[in-house]
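Descriptive structure summary
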Amino acid sequence: MRIIFSRKGFDSAAGGGASPIVDGRPVSLPIPAGTASTTTYGALGLGDHAAKASRGKLGAGDLCHHDPMFLEHDPAIAECLFGQCGAAQTHLERQGVGIGDVFVFFGLFREGMPDGSWGQPHHRIFGYLEVEQIVPLAEGAPDDLVQLGHPHALAMHHKNDVVYRGPGRTARHASDLLRLTVPEGPPSIWHRPKWLKHGGLSYHDKPVRWQQRGRLQSVARGQEFVADIGRRQAPRDWLSGIIAEINRS
């Protein structure tokens, strides 16, 4: 089994700022889109948040790359659709990512303060996807993905374009359990789970990244970092706790 730490949403390069924590809930802002989108920030109810986070560069009428896409078919059934392609998808393939693996989505967030200022930006987990199906798009996208307006179904991004789908939700609470960044920051310094050791996370091979006191200096760029946990119980217990916290009402 593999746990994939997947970086998504606004940051200083994509969007221009951090996604907000609104009324105690992390709200991940999709990155701006090119032509392969029919979804605006306004359609998702994120127009004001996008404008504030981007310092006015984006707004309700701008198109966004709505991916990952989280759907609640009813209170008991939630699904996530996540598209990947190009070099990032090649990395996932080489790492053996497949059915039964779990994406843990994280991003850059900050919280508004009572005086109108912003708290310090930090990385936190905001959602997950348990992979039940991998849909290749090279021969065309299924009708339901097109009707949903998933950006990877609207236009081919690369010859190895796929959509991962399965159960998944976004967090309702910005709890400390879902925070990756250490309390004093900066965002790239994480308090890593005890089960995660040097050599156990793709793109993080350099020994200098594995610091004392259980800290990890995460790489500045990159989308997916893969941990092959095999049959070990400790990472499974950690993952179960993360999913339970995300699903907490």
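Predicted, not measured: the structure shown is a model, and the values here were computed from it. Along each chain, the written sequence defines residue order, and numbers are assigned to residues from 1. Owing to the predicted nature of the model, reporting of local features is limited to residues with pLDDT of at least 70; listing and counting of side-chain atom pairs is limited to 80 or more, with chain, interface and lining totals taken over all residues. For side-chain calculations, the full set of non-hydrogen atoms in the structure is used, while hydrogens and water are omitted.

1. As for the side chain of Ser-37
Quick reminder of the rule: The helix count covers DSSP runs of H or I at least four residues long, the strand count covers runs of E at least two residues long, and both are numbered beginning at the N terminus. The definition of a polar contact used here is a pair of N or O atoms within 3.5 Å, where within protein one atom must be able to donate a hydrogen and the other to accept one, and adjacent residues in sequence count solely through side-chain atom pairs. Every residue pair with non-hydrogen atoms within 4.5 Å of one another is taken to be in contact.
Mapped onto the fold, Ser-37 is located in the loop between strand 3 (25-26) and helix 1 (47-53). Polar contacts involving the side chain of Ser-37 include one to the main-chain amide nitrogen of Thr-39, which spans 3.1 Å. A polar contact of 2.7 Å, which involves the side chain of Ser-37, links it to the backbone oxygen of Cys-64. Ignoring sequence-local partners within four residues, the contact set of Ser-37 consists of Leu-63, Cys-64 and Leu-154.

2. Considerations on the pairing of strand 5 (residues 77-84)
So the rule is basically this: Each residue is assigned to one of three classes by its accessible area relative to the maximum for its type, calculated with a 1.4 Å probe on protein chains only: buried under 20%, partly exposed between the two thresholds, exposed over 50%. Here a strand pair is declared whenever DSSP counts at least two bridges between the two strands.
The buried count for strand 5 comes to seven of eight residues, which makes it a mostly enclosed element. In the sheet, strand 4 (residues 69-74) pairs with strand 5 via five bridges, with the strands oriented antiparallel. Opposite Met-69, over in strand 5, you have Leu-81 as the bridge partner. Counting the residues that bridge the hairpin from strand 4 to strand 5 gives two residues. Relative to strand 9 (residues 162-167), strand 5 runs antiparallel, the two sharing six bridges. The residue of strand 9 that forms the bridge with Gly-83 is Val-163.

3. Looking at the layout of surface pockets
Empty space among the atoms becomes visible once a probe the size of a water molecule is rolled across them. Cut-off, in case you're wondering: Grid points spaced at 1 Å over the protein atoms alone were grouped into cavities, where a 1.4 Å probe fits but cannot get out, and pockets, open sets with protein on both sides within 12 Å along at least five of seven lines, with lining residues defined by an atom within 4 Å of a point. Grid points are joined across faces, edges and corners, and a volume is the space filled by probe spheres set on the points. Here the nonpolar group is Ala, Val, Leu, Ile, Met, Phe, Trp, Tyr, Cys and Pro; Asp, Glu, Lys and Arg are the charged ones; every other residue, Gly included, is treated as polar.
Estimates place the volume of the largest pocket at around 480 Å³. Around the largest pocket, the lining is made up of 22 residues, and of these Ser-28, His-66, Pro-68, Phe-70 and Thr-170 lie nearest the centre. Secondary structure elements with two or more residues in the lining of the largest pocket: strand 3, strand 4 and strand 5. The element contributing the most residues to the lining of the largest pocket is strand 4, with three residues. In the lining of the largest pocket, the residues fall into 11 nonpolar, five polar and six charged. If you add up the space inside the second largest pocket, you get close to 390 Å³. Lining the second largest pocket we find 18 residues, and of these Arg-7, Lys-8, Ile-31, His-65 and Gln-223 sit closest to its centre. It is strand 5 that contributes the most residues to the lining of the second largest pocket, three residues altogether. For the lining of the second largest pocket, the class distribution of residues is five nonpolar, eight polar and five charged.

4. Remarks on the environment of Gly-17
Along the chain, the position of Gly-17 falls in the loop between strand 1 (2-7) and strand 2 (19-22). Residues Gly-17 and Ala-43, 26 residues apart in the sequence, show an inter-C-alpha distance of 20 Å. Gly-17 has contacts with Phe-10, Asp-11, Ser-12 and Ala-53, leaving out every residue within four places of it along the chain.

5. Here we look at the sheet that holds strand 11 (residues 210-211)
Ordered in space as 10-12-11, the three strands form an open sheet in which the pairing is antiparallel. Each of the sheet's edge strands pairs with one partner strand only, and the pair in question is strand 10 (189-191) and strand 11. Direction of pairing for strand 10 relative to strand 12 (residues 215-217): antiparallel, over a ladder of three bridges. Looking at the pairing, Ile-189 lines up with Gln-217 of strand 12.

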